[in-house]
Amino acid sequence: TRTAVLISGRGSNMTVLVEAAKAADYPAEIALVLSNRPEAAGLAYAAGQRIPTLALDHRAYPDRGSFDAALDGALREAGIELVVLAGFMRILTPGFVEAWAGRMINIHPSLLPLFRGTHTHEQALAAGVRVHGCSVHYVVPELDAGPIVAQAAVPVLPGDDADALAARVLVQEHRLYPAALAMIASGRARLEGGRVILAEAA
Ligand code: GRF
């Protein structure tokens, strides 16, 4: 499955996906790494891995619609079948999201449906939850509201601040995202009628 990973910065989730995809039996191929920020550290890493990269600077476009049209064109030109958002910090227009419905996933650093949006670790600490984590979900027009593919949980420990909690969650993101992408690329998870259908264990 020809897969594009979209990033905006550090790109640590992208790097673990690239690593996972090196395995001969991994069902997804990372065919493109694209960033809306030309200076994103992850672009240099991907280029070093000989993966095609593209920077589409959103500041060069007058509005979200024209940026998303350029993004859509780049993905189609590269023959992309599956779009993976990994720390991609742009809100996508409903038209773009609909065009990629069932073929675009995101990782969000909370146990959805709790704590949508940004500052999820601060939100979790403020709420006083004892369990926190991360979710991989299909992307729908409403932010962080799409059907959930997979989740991983971590404890919230006494003395945690947002950074400590973020680091504990990130370890699980790096385990969860390659597994969830493999489920989707292999057809073991798919979207049907707005719900995620998981294959039964053999
Ligand atoms: C991750 O915590 C991801 O869940 C969130 O932004 C962070 C991106 O980190 N949406 P990285 O760029 O993958 O290192």
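Small disclaimer: the values here were computed from a predicted structure and weren't measured.

## Focus: the site of the ligand
Taken together, 13 residues lie near the ligand, and Arg10, Ser12, Asn13, Gly87 and Pro109 sit nearest. If you list the elements that add at least two residues to the shell around the ligand, you get α1 (12-20), β5 (104-108) and α6 (162-185). For the shell around the ligand, the class distribution of residues is five nonpolar, six polar and two charged.

## Some points on the UniProt feature "binding site: N(1)-(5-phospho-beta-D-ribosyl)glycinamide" (unreviewed entry) in the chain
Mapped onto this structure's residue numbering, the UniProt feature "binding site: N(1)-(5-phospho-beta-D-ribosyl)glycinamide" (unreviewed entry) falls at Gly11, Ser12 and Asn13. Its location among the elements puts Gly11 in the loop between β1 (2-7) and α1. Residue classification places Gly11 among the buried positions, given that 25 C-beta atoms sit within 10 Å. Contact partners of Gly11, with chain neighbours within four places excluded, come to Ala40, Ala41, Gly42, Tyr45, Ala86 and Gly87. Examined against the element boundaries, Ser12 turns out to sit in helix α1. Setting aside chain neighbours within four positions, we find Ser12 in contact with Leu170 and His174.

## Details of unusual backbone geometry
Looking along the chain, the bond that leaves Leu112 and enters Pro113 is cis, with omega of 10 degrees. Tracing the sequence through the fold places Pro113 in the loop between β5 and α5 (120-127). Positive phi, normally seen in glycine, also occurs at Arg50, with a value near 60 degrees. For Arg50, the location among the structural elements is in the loop between α2 (41-48) and β3 (53-55).

## Quick notes on the nonpolar core
Ranked by internal contacts, the top residues of the largest apolar core, which has 48 residues, are Val5, Leu6, Val84 and Ala86. In terms of residue count, α6 provides more of this core than any other element does, nine residues in total. Aside from chain neighbours lying at most four places away, what touches Ala86 is Val5, Leu6, Ile7, Gly11, Asn13, Met14, Leu17 and Ile107.

## Let's talk about the environment of Gln123
Mapping Gln123 onto the fold places it in helix α5. For the pair Gln123 and Gly159, spaced 36 residues apart in sequence, the C-alpha to C-alpha distance is 15 Å.

## Here's the deal with the packing of α1 against α6
With their axes 9 Å apart at the nearest point, α1 and α6 run at an angle of 45 degrees to one another. Relative to α6, α1 is oriented oblique. Helix-helix and strand crossings are classified by hand; for α1 and α6 the assignment is right-handed. Where α1 abuts α6, its residues Ser12, Asn13, Val16, Leu17 and Ala20 lie against Leu170, Glu173, His174, Tyr177, Pro178 and Leu181. By residue class, the composition of the contact of α1 with α6 is seven nonpolar, three polar and one charged.

## Observations regarding the environment of Asp72
Within the fold, Asp72 resides in helix α3 (residues 64-77). What Asp72 contacts, discounting residues up to four positions off in sequence, is Phe96 and Ala99.

## Focus: the environment of Ala78
With respect to the helices and strands, the residue Ala78 is situated in the loop between α3 and β4 (82-85). Residue class for Ala78 comes out partly exposed when judged on the 15 C-beta atoms lying within 10 Å of it. With 47 residues separating them in the primary sequence, Ala78 and Ala31 have C-alpha atoms 7.7 Å apart.

Rules of the game
Residues numbered from 1 in each chain as written. Predicted model: local features only at pLDDT ≥ 70, side-chain atom pairs only at ≥ 80, totals over all residues. Near = placed C-beta within 6 Å. Helix = DSSP H or I, 4+ residues; strand = E, 2+ residues; numbered from the N terminus. Nonpolar A, V, L, I, M, F, W, Y, C, P; charged D, E, K, R; others polar. UniProt positions renumbered as here; feature names shortened; annotations may be inferred. Buried ≥ 20, exposed ≤ 12 C-beta atoms within 10 Å, placed from the backbone. Contact = placed C-beta atoms within 7 Å. Core = buried A, V, L, I, M, F, W, Y, C linked by C-beta atoms within 7 Å. Axes fitted to C-alpha atoms, helices over the stretch in contact; angles between N-to-C directions. Parallel < 35°, antiparallel > 145°, perpendicular 65-115°, else oblique. Left-handed = near helix turned anticlockwise from the far one by under 90°.

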